[in-house]
Amino acid sequence: MERVGYRAQVAWERRYVRLLIVFDILGCVLAAIIAFFVRFGDHPFQSSWPYILMSGLLPVAWALSMAFGRAYEGRFLGGGSEEFKRVVNAAARITACVAVISYATKLEIARSYILIAFPVATVLSVVGRSGGRGILHHMRRNRRCLHRVLVVGAGESAATLVRLAHRDPTSGWSVVGVCLDRSPGRHSHDLPERSGFDLLGVPIVGTLDSLHTAIQATRATTVAICPQLDSDTLRQVMWALEGSDVDVLVSSALTDVTGPRISIRPVAGLPLLHIEEPELTGGRRVLKALVDRCLALTAVMIFAPLLLGLAIAVRLNSRGPAIFKQTRVGRGGDSFRMYKFRSMYIDAEARLEGLRGANERSEGLLFKMRNDPRVTPVGRFLRKWSLDELPQLFNVINGSMSLVGPRPPLPSEVAQYEGDVHRRLMVKPGLTGLWQISGRSDLEWDESIRLDLRYVENWSLAMDFVILWRTLFAVVRREGAY
């Protein structure tokens, strides 16, 4: 296999990294200013020189720490929680370095300054990264800032990667071509898509023997390789791409298994994927429950006036109670009473049968209707901004729900579950989740189940915090809220 005489260019990625560096430095400057003035109050310029020196050097040192911690590497940017983990790890390292240096040089730096500057800088860096990611995702939805991806492999596996790329535009994949493992249409068992020399609308630009030509023709910046390729062929592809700056991604046969569950275990020189069992019990679960209840209790105290005002509005708008109680199925199949602000008239259930024909969900398991006549005017406002779900904070406090988890199903839904769908009941349902930030009511049934199972398999506290943060933007966008 010939070497690729081509060097990939990803100009937008360099600009994005520069933007993140600016965000990190500005966040650290603001943190240093806050710590400086909190420490010295009304006499900021009567401080000793170590504080002035620290405030001046900290932003530069902060950015360098992020760079050494590989928090600016392209493979970690734009998705997942690894980027935020690296930011926190880099912040911890620089904090430790400052503590050691100040002790070794006997610099008299007050603990209050350190305890304010570094945590605030860390929070602002994470916020800046989140804002940068929001900008990047917006650009990608408008078909900008994309990786040009060439998919390499067998027809069905290649089709799977193409479908995944089309499913999530924020992943940044623009599949520009497919290289098959052999010429299309040569074997009787080939898929129909091969005979037309395209795969799900993506052109087939060659085979493995012409990979170098295909990469140059498509100007690909990433090569995604399907798992069916044998080790010798994969090695030849890797050698051919050396020096081209083309990223190489090898797809796993396991779908929707990510994060800390996967690690590499070398056996006799062969790198094998070690897959951990999903963590459904143990210390991390206890910590998750503690975090859930603390955050929910804090939110209830903060939003108490809002909760009271919304309850009064519901009562004044239509006859009936302010809180709607409904039986849902929780962890392990146990039933519980879920609380919501009532958004429908009290005869909504009686009117449901007459509206079955207007169900906008093709699979029929759920009833969804954009202009449901059973919804009250105040209820429409509550649903538009997801305010009807705020009483579920009390479900989180009493332990029947979590802040993040699968969507809480109705008993009638669970009665129709088949096969692996029951796995979504292995964890507590959530006030928000992957379904909330991915389209809510606009999602097809199969897609919502896939997202719920993906959460069950890969949950982590870091993922929970990312989902909670993205929920804020999902609520503002109001996608699928009806």
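Scroll up for the structure.
Each value, and the rule that gives it
In this numbering scheme, every chain counts its residues from 1 along its sequence in written order. For this predicted model, a pLDDT threshold of at least 70 governs which residues receive local features, and a threshold of 80 or more governs which side-chain atom pairs are given and counted, while totals over whole chains, interfaces and linings are taken from all residues. Water and hydrogen atoms were dropped before computing side-chain values, which therefore reflect all heavy atoms in the structure. Here a Phe, Tyr or Trp ring, Trp counted by its six-membered ring, pairs with any other such ring whose centre lies within 6.5 Å, and the pair is stacked when the planes are under 30 degrees apart, edge-to-face when over 60, and tilted otherwise. The numbering of helices and of strands both runs from the N terminus, where a helix is a DSSP run of H or I of at least 4 residues and a strand a run of E of at least 2. Working rule: Lys NZ or Arg CZ, within 6 Å of ring centre, within 35 degrees of ring normal, means a charge sits over the ring. In this analysis, the protein atoms alone were mapped onto a 1 Å grid. Cavities are point sets where a 1.4 Å probe fits without being able to get out; pockets are open sets with protein on both sides within 12 Å along at least five of seven lines; lining residues have an atom within 4 Å of a point. Grid points are joined across faces, edges and corners, and a volume is the space filled by probe spheres set on the points. What is meant by a nonpolar core is a set of buried Ala, Val, Leu, Ile, Met, Phe, Trp, Tyr and Cys residues, joined one to another through side-chain atoms within 4.5 Å. Per-residue accessibility, obtained with a 1.4 Å probe over protein chains only, is compared with the maximum for each type, and a residue is labelled buried under 20%, exposed over 50%, and partly exposed between these values. We call two residues in contact when some of their heavy atoms are within 4.5 Å. Only residues whose relative accessible area exceeds 30% and that take part in no salt bridge are eligible for patches, with like-charged residues grouped when within 9 Å of each other and nonpolar side chains (Val, Leu, Ile, Met, Phe, Trp, Tyr) grouped when within 5 Å. Methods summary: accessible areas were calculated by the Shrake-Rupley approach with a probe of 1.4 Å, and residue burial reflects only the protein chains presented. What makes a salt bridge here is a side-chain nitrogen of Lys or Arg within 4 Å of a carboxyl oxygen of Asp or Glu, nothing more. Here the rule is simple: two strands pair whenever DSSP picks up at least two bridges between them. Here is how to tell: hold the view so the strands point away, follow the path from the first strand over the helix to the second, and if it runs clockwise the crossover is right-handed.

All told, the structure shown has two aromatic pairs when counted by the stated rule. Ring geometry for Trp 62 versus Phe 118: centroids 6.2 Å apart, planes at 45°, classification tilted. Of the two residues, Trp 62 is situated in helix α2 (residues 49–68) and Phe 118 in helix α4 (residues 111–141); the sequence distance between them amounts to 56 residues. A cation sits over an aromatic face here: Arg 284 above Trp 459, 4.6 Å from the ring centre.

So, on to empty space enclosed by the protein. Per the counting criterion, the structure on display carries three cavities of 30 Å³ or more. In this structure, the largest cavity encloses a volume near 50 Å³. Taken together, Lys 288, Val 291, Asp 292, Leu 295, Leu 403, Val 404, Leu 461, Asp 464, Phe 465 and Leu 468 form the lining of the largest cavity. Sorting the residues of the lining of the largest cavity by element identifies α9 (283–302), β11 (402–404) and α16 (461–477) as the ones contributing at least two each.

Within the largest apolar cluster, 33 residues are counted, with the highest numbers of intra-cluster contacts made by Leu 58, Trp 62, Met 66, Tyr 113 and Phe 118. Counting only elements with at least two residues in this core, the list comes to α1 (11–40), α2, α3 (82–104) and α4. Counting residues per element, this core draws most heavily on α1, which supplies ten residues. Apart from residues lying up to four places away in sequence, Phe 118 is in contact with Leu 58, Trp 62, Ile 94, Thr 95 and Val 98.

Notably, Arg 143 is not glycine yet its phi reads approximately 65°, a positive angle. The residue Arg 143 is located in the loop between α4 and β1 (147–153) in this model. A residue is classified by how much of its surface remains accessible, and Arg 143, at 53% relative accessible area, is exposed. Look at Ser 386: it is not a glycine, yet its phi comes out positive at around 60°. Within the secondary structure, Ser 386 is located in the loop between α12 (377–384) and α13 (392–397). Relative accessible area serves as the criterion here: at 9%, Ser 386 is assigned to the buried category.

Residues Val 123, Val 127, Trp 469, Leu 472 and Phe 473 make up a contiguous nonpolar surface patch of roughly 430 Å² in combined accessible area. Of all the elements in the fold, those that place two or more residues in the nonpolar patch are α4 and α16. The greatest single-element share of the nonpolar patch, amounting to three residues, is contributed by α16. Tracing the chain through its elements places Trp 469 in helix α16.

A regular strand places its side chains so that they alternate between the two faces of the sheet. By the alternation rule, side chains of strand β5 (residues 222–225) split into Thr 222 and Ala 224 and Val 223 and Ile 225, which are all buried. Pairing analysis gives four bridges linking β1 to β5, with the strands arranged parallel. The residue of β5 that forms the bridge with Val 152 is Ile 225. Across four bridges, the pairing between β5 and strand β6 (residues 247–250) is parallel. Residue pairing in the sheet places Thr 222 in a bridge with Asp 247 of β6. Handedness of the crossover is the feature at issue here: the chain leaves β5, passes through helix α8 (residues 231–240), returns alongside β6, and the resulting connection is right-handed.

Function cannot be inferred from these measures alone, as they are strictly geometric.
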